[in-house]
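Residues per chain are reported as follows:
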Amino acid sequence: MSGYLEGVLVLLAINVVYAYAAFLPIAAGQLNLGVAGFAAVGGYASAYLSTTLALSPLIAIPLGGVAAGLVGLGVAVPVLRTRGIYLALATFALGEIVRASILNLEVVGGAAGYPVTAFIRLPTIAMFALGVTVLVWLLFATRFGIAITAVHDDERVADLMGLDVRAFQVAAFTLGSVIAGIGGGLYAHHFSYIEAQYFSISLSISIVLYVLFGGTQSVIGPLLGAAVFTLLPELLRGSAQWRYVLFAAILIVVMVIRPQGLITGAQIRRLLGLRSSASQKERAA
Amino acid sequence: MLGSIYAMIGVALTLSIGVLKFLNFSIPGVFMIGGMSTWLFIRHGMPWPLAGLCALAVGASASLVVERFTWRWMRNAQEFVPLVSSMAFLILFENLAVAYWGSDLQSLPQLFGNADWRIGGLVISIPQLLGLALSIVLIWGLSLLLSRTRIGRGLRTIAEDSDTAILLGVDISRIVPIVFVIGGLFAALAGVLFALNYRQVHPFMGEALGLKGISAMVVGGMGNIWGAIAGGLIIGMAEALSIRYLGADFVDISVYGLLLFILMVRPTGLFGGASAGARA
Amino acid sequence: MSATDPILTLDNVSKHFGGLAVVENLSFAVRRGACTGLIGPNGAGKTTVFNLITGVYPIDTGRIVLDGVDIAKIPSRRRIHHGVARNFQNIRLMPHLSTLENVLVGQHCRNGGLFGVLQPVSLVPGNRWREEARAALEEAGLAAYERATVGSLPYGLQKRIELVRALMAKPRLLLLDEPAAGLNPAETDALRERITAICRDRGITLLVVEHDMHFVGALCADVIVLNFGRKIAEGTPEHVREDALVREAYLGADAMEPRYAS
């Protein structure tokens, strides 16, 4: 495999992981604007563990995810008492605090960045990305997936149906933070070097944009969004800035034409349930 | 002190949240446009007052473009869509600026000679003082506009309930752009004042400085324009204190730490609670 | 009401919004196994009573006793576990879920532990809960719409799905808020027969808010009439129809005949 292709596929796999990290809270009706911050916690924690304690990245990266999840839990529990935009703002603040804190944390290199000795290649990264995708997929085939969509659609009725709305929101958010941390760990161990500036608000925003572009109503949406926005720039020539300009412009236009994202839950069901919708038409006729 | 800059960005953000329940992430981008345009016009030989006015026009126009592509289409879409589109605009504005002028720091010439005013050991920059006074006057004007005029009444009706406003005959599609123009003017003016006072602009100034306006807005209480001023001054003060006692590296931690702390402890902000439409 | 074995008792319940009393010192009992109608003019507080029973709003004073338990002290989320389920006046299904998934949400209170939540109900073809939900849809004649996204279905179907969802909780007391609203006469008759059969077969007690007096008269043995948040009459449908206060409330003092809302 050429180095270029491997590079693109690595980016794709990491972006898929990030996209699911942002997707879980969005599916439950909460916006996480600090995905990059949680990725930074996971990235630095796992890098620290694998570098100083010589842990295998296969263990250090999930542990980094746990660290990010704990931070997520710590924010979600107090902030989810209130509603809507407050959590988005709190996660935004948290992302900036994490970034600024790392700049001052000499034990992981501070502003100079942090070199990571352990190195993982595409197969490992792809395995993690696949694992995360399958996990989220399975989760949405359980009552949990139905419940968080229910919470997203109508909190009041979900509560009256006996669903613990806050517990589901906290769970979705925390699990998303864990996944973000894993994404950060993958990034750190592939690129052998991390710096705080990578985990900026721009990264968080881009990730949320992938997910909304792909569609938030099904588990395929984030996959599609991450794929389009990793592969599309590679097909285009021109500088990084123009790619970003195009990325943003496409997104703005798509949101105008198709605010529900490229793919919706109803479409998936139609694809999967060809027979039943055909029989439905028969009966209706 | 940057407090008055944050206050003006905070006012632009809070106006959008208060009236439209829309967290407009493109506002820091418009702030950058205000600053970069001022630099650009002065570099092309315009006198600074004219450059500032032109920069305001550019900022307001950019804000109108945002209105066309976010609010107008998505009033009934899923809750996060306008927010996310406004973020896309922030990325768009930043990278357009980088694509045309590069990501370097650009410097403006010294415009006012030495205009510092010394009282004992205290150094007060007169342009900065004028900037603060100007922003307070403008915010006072805005509050008069909101409370006294027909447009203001329309805006307050929309803030209560946009469906009712339509029933009452408020022409939303004509009045909402006004919110974006006013917000754009405030954000761009913050950019102009920043450019003239600090004489340094760059494409990511919106991200680095403009986003602190969000802290100003939340600390003061979302939807409350006087709260945004108080919030801006508090954020400016927190910055000055953390530079003095903790070092320049801790500025962002203090500002965003304060934001997170307020959100956890008192999400309605220090002066919030009574104002309409703080929910999103 | 001289109900000897009430399943639900409201005891001096009051609710104020701001300075406005929407329910004032309301007491009534619902006979076990019977069907009780809750009627009254618009704004009488009927839906509010439902919201107080299910905990959408906390009550200001009084007690709401369900089978000996004061459910007013229980958080709204736990009340369905005590056997009270409801539908909504303006249908409130989850628009992004399929019909089957909406019905699965109705089972949550019976299968909501960590193990239940992580059960792959949509993945394993023979899953017990999934089969139960499908059987319920089949019984209600809705099997064809199992995979349809409910947001795209017509109003009448959504109303029927909402009823199936409420029944999935296996309630002892079912609260129906205007179940016949928006249905044509044939549909209304079919609905009445279905509700009667369900309640008889499963031993469910019914409390119905309804405008349609024909529907209430045919379905309910007991009727409670509210006006301005107070109880103004109760008894059999015939008795209530003759009551002067009720006539006045519905039509003003010169009333000749209670209106039969369509």
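Residues numbered from 1 in each chain as written. Chains lettered and ligands numbered in written order. Predicted model: local features only at pLDDT ≥ 70, side-chain atom pairs only at ≥ 80, totals over all residues. Heavy atoms only, no water.

1. Notes on the interface of chain A and chain B
Each partner contributes to the interface: chain A provides 46 residues, whereas chain B provides 43 residues. Interface of chain A and chain B: buried area, both sides summed, is about 3900 Å²; carbon and sulfur atoms make up 80% of it. Our count for the contact surface shared by chain A and chain B stands at 1 salt bridge. Between D252 of chain B and R99 of chain A there is a salt bridge, with the nearest N and O atoms lying 3.4 Å from each other. Here chain A is connected to chain B by 3 residue pairs in polar contact (both at pLDDT 80 or more). Listing elements by their share of the side of chain A that touches chain B, those giving two or more residues are α3 (57-79), α4 (85-103), α9 (201-214) and α11 (240-257) of chain A. No other element matches the 12 residues that α4 of chain A contributes to the side of chain A that touches chain B. Looking at the side of chain A that touches chain B residue by residue, the class counts come to 31 nonpolar, 12 polar and 3 charged. (Contact = heavy atoms within 4.5 Å. Buried area = accessible area lost by both parts, 1.4 Å probe. Salt bridge = Lys/Arg side-chain N within 4 Å of Asp/Glu carboxyl O. Polar contact = N/O pair within 3.5 Å; in protein donor to acceptor, adjacent residues only side chain to side chain. Helix = DSSP H or I, 4+ residues; strand = E, 2+ residues; numbered from the N terminus. Nonpolar A, V, L, I, M, F, W, Y, C, P; charged D, E, K, R; others polar.)

2. Re the sheet that holds strand β7 (residues 173-177) of chain C
Across a sheet, strands are paired by hydrogen bonds formed along the backbone, either parallel or antiparallel in direction. Residue and element names in this part refer to chain C. Pairing is mixed in the open sheet, where 6 strands are placed in the order β6-β7-β8-β3-β9-β10. The sheet is open, and its two borders are formed by β6 (84-86) and β10 (230-235), each paired with just one other strand. The average angle at which neighbouring strand axes cross in this sheet is 20°, direction not considered. Contacting β6 and β7, helix α6 (residues 155-168) crosses the sheet at an angle of about 160° to β7. (Pairing = 2+ DSSP bridges. Axes fitted to C-alpha atoms, helices over the stretch in contact; angles between N-to-C directions.)

3. Notes on empty space enclosed by the protein
Throughout the structure, instances matching the rule amount to 4 cavities of 30 Å³ or more. The volume enclosed by the largest cavity comes to roughly 80 Å³. Every residue lining the largest cavity is listed: L160 and M161 of chain A together with T54, S76, R79, I80, V84, A85 and R86 of chain C. Secondary-structure elements contributing two or more residues to the lining of the largest cavity are α2 (76-79) and β6 of chain C. With 3 residues, β6 of chain C is the single largest residue contributor to the lining of the largest cavity. (1 Å grid on protein atoms, 1.4 Å probe; cavity = no way out; pocket = protein on both sides within 12 Å on 5 of 7 lines; lining within 4 Å. Points joined across faces, edges and corners; volume = space filled by probe spheres on them.)

4. Side note on the arrangement of the chains
By contact count, the leading pair among the 2 pairs of chains in contact is chains A and B. Structurally, chain B and chain C remain out of contact, their C-alpha atoms never closer than 12 Å.

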